[in-house]
Amino acid sequence: MTLRAPLTIAPAPHVHAGTSVAWIMLHVVIALIPACVFAVYLFGLAALLTLLVATLSCLAAERLLEGGAGSTLADGSALVTGLIYGLTLPPALPLWMVAMGGFVAMAIGKTLFGGLGSNAFNPALVGRVFLQAAFPAAMTGAWLAPLAAERFVTLPEATLAGPFLAPDSGGYDALTGPTPLGDWKFAGGETSTFDLALGFTSGSLGETSALLLLLGGLYLVWVKAANWRIPAAILLTVAICASLLHGIDPQRYPSASFMLLSGGLMLGAWFMATDPVASPLSATGCWIYGLVIGLLVVLIRLWSGQPEGVMYAILLGNAISPHIDRWTQPRPYGAAGGGP
Amino acid sequence: MWGRSAFRGGITPATHKAQTRTQRIRQFPFAPLLEVPLLQHAGRPALPVVREGAEVERGSVLGRADGERSVPVHAPAAGRVQRIALMPSVTGAMVPGIYLEPFPGATQEVTSGAACDLASASSEDIINAVQAAGIVGLGGAAFPTHAKLRMPPDRRVRLLIINGAECEPWLTTDYRVMLEQPADVVLGVRYLLKATGAEAVVLAVEEDGREAGEAVLAAAPEGLSLQASFLPTRYPQGAEKLLIRALLGVEVPAGGLPIDVGALCINVATAAEIGRLLPFGRGIQERVVTITGPGVLDSGNYRIPIGTPLRFALEHVGTAVDLTRVFLGGPMMGQPLASLDVPITKGISGFVAFTSAEYSGAARVQPCIHCGRCVQACPMTLNPCQLGLLARHGEVEAMRRQFHLDACFECGCCAYVCPSHIPLVQEFRAAKAQLRRLATHEVTEEKP
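Model, not experiment: these values are computed from the prediction.

What counts, and where the lines are drawn
- Residues numbered from 1 in each chain as written.
- Chains lettered and ligands numbered in written order.
- Predicted model: local features only at pLDDT ≥ 70, side-chain atom pairs only at ≥ 80, totals over all residues.
- Helix = DSSP H or I, 4+ residues; strand = E, 2+ residues; numbered from the N terminus.
- Rg over C-alpha atoms; globule rule 2.2 N^0.38 Å.
- Buried ≥ 20, exposed ≤ 12 C-beta atoms within 10 Å, placed from the backbone.
- Contact = placed C-beta atoms within 7 Å.
- Pairing = 2+ DSSP bridges.
- Axes fitted to C-alpha atoms, helices over the stretch in contact; angles between N-to-C directions.
- Parallel < 35°, antiparallel > 145°, perpendicular 65-115°, else oblique.
- Left-handed = near helix turned anticlockwise from the far one by under 90°.
- Domains from an automatic or database assignment.
- Nonpolar A, V, L, I, M, F, W, Y, C, P; charged D, E, K, R; others polar.
- Core = buried A, V, L, I, M, F, W, Y, C linked by C-beta atoms within 7 Å.

## Considerations on the overall build of chain A
Check the secondary structure of chain A and you find 15 helices and zero strands. In terms of C-alpha radius of gyration, chain A reaches 22 Å, essentially the compact-globule figure of 20 Å for 340 residues. Judged by the C-alpha coordinates and their principal axes, chain A covers about 80 × 50 × 35 Å. Relative to its full complement of 340 residues, chain A shows a buried share of 54%. Across chain A, the fraction of contacts at a sequence separation of at least 24, relative to all contacts at a separation of at least 6, is 75%.

## Here we look at the overall build of chain B
The helix and strand tally for chain B stands at 14 helices and 17 strands. Projecting the C-alpha coordinates of chain B onto the three principal axes gives extents of approximately 65 × 60 × 50 Å.

## Quick look at the sheet that holds strand E4 (residues 55-56) of chain B
Ordered in space as E2-E8-E7-E4 (chain B), the four strands form an open sheet in which the pairing is antiparallel. This sheet does not close on itself; its edge strands, each paired only once, are strand E2 (34-37) and E4 of chain B.

## Structural notes on the sheet that holds strand E13 (residues 286-292) of chain B
Residue and element names in this part refer to chain B. Spatial ordering of the open sheet is given by E1-E14-E13-E17-E15-E16, a layout of six strands whose pairing is mixed. Whereas interior strands pair on both sides, the edge strands pair on one side only; in this sheet they are strand E1 (26-27) and strand E16 (335-336). As defined by bridge partners, E13 adjoins strand E17 (residues 350-355) across three bridges and the pair is classed as parallel. Looking across to E17, one finds that Ile291 is bridged to Phe351. Sheet strands touched by helix H4 (residues 173-180): E13, strand E14 (300-305) and E17. Its angle to E13, the strand with the most contacts, is close to 125°.

## A word on helix H7 (residues 240-248) of chain B
All names here are of chain B. Among the nine residues in H7, eight count as buried, and that is most of the element. Within the sequence span of H7, burial applies to Glu240, Lys241, Leu242, Leu243, Ile244, Arg245, Ala246 and Leu247. Taken together, the buried residues of H7 touch strand E9 (159-164), strand E10 (200-206), strand E11 (226-231) and strand E12 (263-267). A positive phi of about 75° marks Gly249, the residue just after H7.

## As for the packing of helix H2 (residues 123-132) of chain B against helix H5 (residues 182-196) of chain B
Residue and element names in this part refer to chain B. Running from N to C, H2 and H5 cross one another at 125°; their axes reach a closest spacing of 7 Å. Regarding the angle of H2 to H5, the classification is oblique. H2 and H5 meet at a crossing whose hand is left-handed. In this structure, H2 contributes Ser123, Ile126 and Ile127 to the contact, and H5 contributes Tyr191, Lys194 and Ala195.

## What to know about the domain arrangement of chain B
Quite often, the size of an interface is put as the accessible area lost when its parts meet. Residues and elements named next belong to chain B. Once the domains are mapped, chain B shows domain 1 (134-280) and domain 2 (373-442). Placing the centre of domain 1 and that of domain 2 at their C-alpha centroids yields a distance of 29 Å. Between domain 1 and domain 2, the residue contacts involve five residues of the former and six residues of the latter. A class-by-class count of the residues in the side of domain 1 that touches domain 2 yields four nonpolar, one polar and no charged.

## Observations regarding the nonpolar core
The nonpolar side chains of soluble globular proteins are, as a tendency, buried together. In this structure, Ala39 of chain A together with Leu160, Ile161, Ile162, Ala204 and Leu243 of chain B are the most contacted members of the largest nonpolar core, which totals 238 residues. Ranked by residues supplied to this core, first place goes to helix H1 (residues 21-43) of chain A with 13 residues. Counting residues domain by domain, this core receives three or more from each of domain 1 (134-280) and domain 2 (373-442) of chain B. What Ala39 of chain A contacts, discounting residues up to four positions off in sequence, is Ala47, Leu87, Leu205, Gly206 and Thr208 of chain A.

## Focus: the pairing of strand E8 (residues 94-102) of chain B
Residues and elements named next belong to chain B. The sheet contact formed by E2 and E8 spans four bridges and is antiparallel. Paired with Pro37 across the two strands is Gly97, which belongs to E8. Where strand E7 (residues 79-88) meets E8, nine bridges bridge the pair, whose relative direction is antiparallel. Counted as the bridge partner of Ile84 is Ile98 from E8. Where E7 folds back on E8, the antiparallel hairpin that results is connected by five residues, among which Gly92 adopts a positive phi of roughly 100°.

## A short note on the packing of helix H2 (residues 45-66) of chain A against helix H3 (residues 77-87) of chain A
Residue and element names in this part refer to chain A. Contact geometry for H2 and H3: axes closest at 8 Å, N-to-C directions at 145°. Where H2 crosses over H3, the handedness of that crossing is right-handed. On H3, the residues that touch Thr50, Leu51, Ala54, Thr55, Cys58, Leu59 and Glu62 of H2 are Ala78, Leu79, Thr81, Gly82, Leu83, Tyr85 and Gly86. Classifying every residue of the contact of H2 with H3 by side-chain character gives eight nonpolar, five polar and one charged.

## Structural notes on the interface of chain A and chain B
Taken together, the contacts link 37 residues of chain A with 55 residues of chain B. By residue class, the composition of the side of chain A that touches chain B is 23 nonpolar, twelve polar and two charged.

## Regarding the pairing of E17 of chain B
All names here are of chain B. Of all six residues that make up E17, five are buried, and the element is covered over most of its length. Pairing analysis gives five bridges linking strand E15 (residues 323-328) to E17, with the strands arranged antiparallel. By the bridge assignment, Leu328 is partnered in E17 with Phe351.

## Quick notes on unusual backbone geometry
Here the residue pair Ala12 of chain A and Pro13 of chain A is connected by a cis peptide bond, since its omega of 0° sits within 30 degrees of zero. Relative to the helices and strands, Pro13 of chain A resides in the segment before H1. Here the residue pair Tyr235 of chain B and Pro236 of chain B is connected by a cis peptide bond, since its omega of -5° sits within 30 degrees of zero. Secondary-structure assignment places Pro236 of chain B in the loop between E11 and H7. Here the phi dihedral of Lys224 of chain A falls at roughly 60°; this positive angle occurs in a residue that is not glycine.

## Topic: the environment of Thr72 of chain A
Residue and element names in this part refer to chain A. Along the polypeptide, Thr72 turns up in the loop between H2 and H3. Since 21 C-beta atoms lie within 10 Å of it, Thr72 is described here as buried. Distance in space between the C-alpha atoms of Thr72 and Gly115 is 9.2 Å, their sequence separation being 43 residues. Apart from the residues lying within four places of it in its own chain, the contact partners of Thr72 are Glu62, Glu66, Gly115 and Leu116.

## Thoughts on H4 of chain B
Burial analysis of H4 of chain B places six of its eight residues in the buried class, the great majority of the element. Within the sequence span of H4 of chain B, burial applies to Thr173, Asp174, Tyr175, Arg176, Val177 and Met178 of chain B.

## Notes on the environment of Phe354 of chain B
In this structure, Phe354 of chain B sits in strand E17. Between the alpha carbons of Phe354 of chain B and Gly164 of chain B there is a distance of 26 Å; along the sequence they are 190 residues apart.

See the structure below:
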């Protein structure tokens, strides 16, 4: 046989591990599904609409801002941002606020920095922090009681409120009781560890079931779509600090299990702090980054005026991530500075 | 005795070695026309000593070494010198070479030169004999072996490393050579020990080639303290600098040579060739080549005359209709071929052919997402992520000064793991080329 076909030349290596950006994002979506389903089960129609609007607003913003030739929707990153953003929101938040925050997440959190791979901060958190600043009453009051009887047939009045016509803070208070962290901070109440782990509490959509988020996070680590060192460092730091403080004064400081299982810690540690773009490169860098975030979480929760600190802790961690990279440059083989 | 710690980083790609490692080495026929380059090594080309039209014996010298950084070239077959001219080489450059037409009916008996007797030869005799046999590193670099053996007087070899860690996927030549020619390897080791005065010698093999390493150990005579170190099967375990760290626990200083830390690495196939040729004073006329890949019908290891055109070789083993890519060496560092009309030379340990099923076009390159997979994979503990970013901004000086680009030996681990499919190795090679151009530019500008 005579060989006449032209040969394709491409640089080595000629084989590839087979991963892609879309592959990583797909696994993050898979890992988030249990928590999303549980949120809808817990809070009903309002949660479903919140997640849908959050995701669609992020996808629409991405399409609008980066679209045209070679759309970036296919890489899945906008979908992931949308889902995570949705999970950080209170279930009864007016949908127009959800959409607005989603747009801000993509526009200011991502596109303005240069799109995929260039965002300095986790875009989902940028969206949430915007809402926190713009609509503090709604963001700290739009909770729903878990497993309400009518949750699949009726919507809270706030959900469908027209833009800038949302009920005032009094309206939110009428909706439900406080979140476990708020309850502890402002009323000294402590939710049982069992309820916290399973998630039968009020809170943001993704704040409730620590167990399902943990499962999703472990799945991510298992398929190597997230760096295990970051959640490990955050959770260990929080656990150690909380145990020490609880040991010193159990009346004043909550237990380690309460600190680990309540609020957005699980969602933040496994799904937001692990955003590769805004976290350090090296193994050492990831440990330092996780340690800093863990310390900030404890600091904000226990000594600030806010019941929850995961969002600010991660955003501050994102901010110092490039500096951590600079401090933890790997020492190349054969360079001056000793043996292996 | 010698450690077996893994290096940091690296990757474990599918090895695809099963189909070729079980088959015996098969002898290849002569092509109707052999294309024997006079430059098959790193250094100066050999100088032709035959005329066009001359009839030569198999194994006779076609070109003599041009100085210390050169080796002679021997006739791979008895035949007639048809032409002495420039010929295409695998890198794309034209090199001087000899077109040799083998005689169809000749006995192909090999002419021998001056035998190098192990017992009576001095270190210098052996090193000269290695050069006279035209021996170069058969692992791929094709660096003249005698130049490696002839070391500065203030340097001593603490450990001679016989490199049988064939870490590139698909390739199995070293494995088969160890299994089928253990006595040649052992004899080669004894020549090398005498030539270098090395204090110790160790055969480095990956765990998945254990039986081949044990075959060599079994062939070692009493009194030869040849040991084997079975290292984890992990690419790029066979890289010289990583082997040295695994076995000696030290790093070769940046810009330095293995001998600076008392190590000398010789490929196991090179050792086998020394043991096979030196007792008879013969030169290299052929070498063992793995021809494999999904595009090859009769995959295996073949003993192929030097100068055999690749096209002839592929037609002999049979290929799939939709051959789309052929590269020399393994899939991690192999040189892609634009043309099959190039000859097999001493440094080619194998070639792999892919069909359209393995390659359907380049993957879309995405922006770097800073995931750090490349940083984890880099066996030289560089920062490929940062290097890539600087490369895309044309900051080649920063790449070299701050991020140690020179330490990169282009193993390809970073590009292999990159989820964004960024061609990092290509970017680094381009940056190195630009740095070389800048360097020559500065030198010429400094001249009055």
